[in-house]
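A closer look at the structure
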Amino acid sequence: MQFVDLRRQQLNTAALDEALFQNLPAGRYRFRARAANHQDASGRLLSKPGITLNQPVFLNYNAINVEWSVRGITIQDHYEVTLNATFNSWWNCR
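Residues numbered from 1 in each chain as written. Predicted model: local features only at pLDDT ≥ 70, side-chain atom pairs only at ≥ 80, totals over all residues. Heavy atoms only, no water.

Brief notes about the overall build of the protein chain
Summing up its helical and strand segments, the protein chain has 0 helices and 2 strands in all. Across the 94 residues of the protein chain, 3% fall into the buried class. Of the contacts made within the protein chain by residues no fewer than 6 positions apart, 17% connect residues no fewer than 24 positions apart. A total of about 10,500 Å² of accessible surface is found on the protein chain, and carbon and sulfur atoms cover 50% of it. (Helix = DSSP H or I, 4+ residues; strand = E, 2+ residues; numbered from the N terminus. Buried < 20%, exposed > 50% of the residue type's maximum accessible area, 1.4 Å probe, protein only. Contact = heavy atoms within 4.5 Å. Areas by Shrake-Rupley, 256 points an atom, 1.4 Å probe, with all protein chains shown as cover.)

In structure tokens:
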């Protein structure tokens, strides 16, 4: 059986777009970074005792936002049906 520490911490970046998590126990962590008008980024890192870890994270900027809608409309179908039938009789086969 494996136990998972589900503690959650959240920080906003400072003036240099950096966030410093302090007093984290050593171990493996998953992170997610997000910002308005950017795509989220996530990853994993390993924290070791007494070491400050630098984890660069790049968030792609959403320069273009595309939205569309679909509206169903009713159209009148129009068909032309032509039937061509050819029959062979016993008399035509001689």
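Brief notes about the side chain of S47
With respect to the secondary-structure elements, S47 resides in strand β2 (residues 41-47). The residues touching S47, leaving out its near neighbours within four places in the chain, are P25, A26, G27 and Y29.

Some points on unusual backbone geometry
The phi angle at N23 is positive, at roughly 60°, despite the residue not being glycine. Its location among the elements puts N23 in the segment before β1 (27-33). The exposed category is assigned to N23, whose relative accessible area is 77%.

Comments concerning the environment of N60
If you trace the backbone, N60 turns up in the segment after β2. Along the chain, N60 and N37 lie 23 residues apart, while their C-alpha atoms are 8.8 Å from each other. For N60, the residues in contact, after removing those within four places along its chain, are N37, H38 and Q39.

Some words on the environment of Y29
Within the secondary structure, Y29 sits in strand β1. On the basis of relative accessibility, which here comes to 24%, the residue Y29 falls in the partly exposed class. A C-alpha to C-alpha distance of 5.3 Å links Y29 and L45, two positions 16 residues apart in sequence. The residues touching Y29, leaving out its near neighbours within four places in the chain, are L24, G43, R44, L45 and S47.

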